Amino acid sequence: MSEAVWKVLAAKGFGGLRLRAVAAEMGASTGLLTHYFPNKRALLVYALDLLEQRNRERPRSAEPPDGNTPAVEGFAMLRQVVLDVLPLDEESIAGNRIWVGSWDVALADPEFGAEHDRRYARSRDKLRTHIETAQRLGELPASADAADLAAGLQSFFLGLVVQALLAPAHFPPQRQIALLDGYLAALR
């Protein structure tokens, strides 16, 4: 069922996420799905949870390949965290398309909106932690407010994600990386 929901989301976005579409993808009846999802809202909650789970389970480039390699930290880790978010390959493009599509639901439903706000706050906290490490290592100015830097960086890469999704020919992976590196260099 999870794979069917994911395929419908990737192909049609949140606007096309319907019980009937998921049932068709599974080759099952809509009645079978209503056993698990009594309404569209329940299906949307499941879809957002699935998206977050897939993002958590996706291998990250900043993770050490084995237990013997030291973890990346500071400025390099901050860069890798953002690179892991950008739509640089087919999997991250699909995930970002689904995520951006979820904004419509979040704007229309206060409960979804509050959950998105919590997700973004957790993301900023994670960024702030990496910024503070980079400041402690002397890689970023210690006088800068880490929370403000995190909010600015999050705003930058979310805007870059949207531009890359809407105009992929103008924002291919190499350009996204160059823009990120330029932004990060300005922080130094």
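Summary of the structure given here. The numbers attached to residues start from 1 for each chain and follow its sequence in the written order. Predicted model: local features are reported for residues with pLDDT of at least 70 only, side-chain atom pairs are reported and counted for 80 or more only, and whole-chain, interface and lining totals are derived from all residues. With hydrogens and water excluded, all non-hydrogen atoms of the structure serve as input to the side-chain values.

By convention a nonpolar core is built from buried Ala, Val, Leu, Ile, Met, Phe, Trp, Tyr and Cys residues, the set being connected through side-chain atoms within 4.5 Å. Note on classification: 1.4 Å probe, protein chains only; a residue is buried when its accessible area is under 20% of the maximum for its type, exposed when over 50%, partly exposed between these limits. If you look at the biggest cluster of nonpolar residues, it comprises 51 residues, and the most contacted ones within it are Val5, Phe14, Leu17, Val22, Leu86, Leu127 and Leu153. For this core, the elements supplying multiple residues, two or more each, are helix H1 (2–12), helix H2 (19–26), helix H4 (40–57), helix H5 (74–83), helix H6 (90–108), helix H7 (110–136), helix H8 (146–166) and helix H9 (173–187). Helical segments are the DSSP runs of H or I of at least four residues, strand segments are the runs of E of at least two, and each set is numbered from the N terminus. Residue contributions to this core peak at ten residues, all from H8. With residues up to four places along the chain from it excluded, the contact list for Leu17 reads Val5, Val8, Leu9, Val22, Lys40, Leu43, Leu44 and Ala47. The criterion used for residue contact is that any of the two residues' heavy atoms lie within 4.5 Å.

It is worth spelling out the layout of surface pockets at this point. Each pocket or cavity is described by its volume, and for the second largest pocket that value is around 160 Å³. Buried and open spaces are told apart on a 1 Å grid over the protein atoms alone, a cavity being a set of points where a 1.4 Å probe fits but cannot get out and a pocket being an open set with protein on both sides within 12 Å along at least five of seven lines. Residues with an atom within 4 Å of a point are the lining residues. Every residue lining the second largest pocket is listed: Leu9, Ala10, Lys12, Gly13, Arg97, Ile98, Val100, Gly101, Val162, Leu165 and Leu166. At the level of secondary structure, the elements contributing two or more residues to the lining of the second largest pocket comprise H1, H6 and H8. A total of four residues in the lining of the second largest pocket trace back to one element, the largest contributor, which is H6. For the lining of the second largest pocket, a count of residues per class yields seven nonpolar, two polar and two charged. Grid points are joined across faces, edges and corners, and a volume is the space filled by probe spheres set on the points. In this count, Pro and Cys sit with the nonpolar residues alongside Ala, Val, Leu, Ile, Met, Phe, Trp and Tyr, while Asp, Glu, Lys and Arg are called charged and the others, Gly among them, polar.

The subject of this paragraph is the side chain of His130. For His130, the location among the structural elements is in helix H7. Setting aside anything within four residues of it in sequence, one finds His130 in contact with Gly74, Met77, Leu78 and Val81.

In the sections that follow, a salt bridge refers to a side-chain nitrogen of Lys or Arg positioned within 4 Å of a carboxyl oxygen of Asp or Glu. The tally for this structure, following the rule as stated, stands at six salt bridges. Residues Arg79 and Asp181 are paired through a salt bridge, measuring 2.6 Å at the closest nitrogen-oxygen approach. Of this pair, Arg79 sits in helix H5 while Asp181 sits in helix H9; the two residues are 102 residues apart in sequence, bridging distant segments of the chain. Between Arg118 and Glu115 there is a salt bridge, and its shortest N-O distance comes to 2.8 Å. Residue Arg118 and its partner Glu115 are located together in helix H7, separated by three residues, close to a single helical turn. The class of Glu115 is partly exposed, set by a relative accessible area of 23%.

Our focus in this paragraph is the packing of aromatic side chains. Note on ring pairs: Phe, Tyr and Trp rings are taken, using the six-membered ring of Trp, and paired if centres are within 6.5 Å. Classes follow the plane angle, with under 30 degrees stacked, over 60 edge-to-face and the rest tilted. With the rule as written, the count across this model stands at three aromatic pairs. Each ring, one from Trp99 and one from Tyr120, has its centre 5.9 Å from the other, and the planes form 75 degrees; the classification is edge-to-face. Linking Trp99 in helix H6 with Tyr120 in helix H7, this pair joins segments that are 21 residues apart in sequence. Accessibility assignment for this pair places Trp99 and Tyr120 in one class, buried. Judged by centre distance (4.3 Å) and plane angle (15 degrees), the rings of Phe156 and Tyr183 are stacked.

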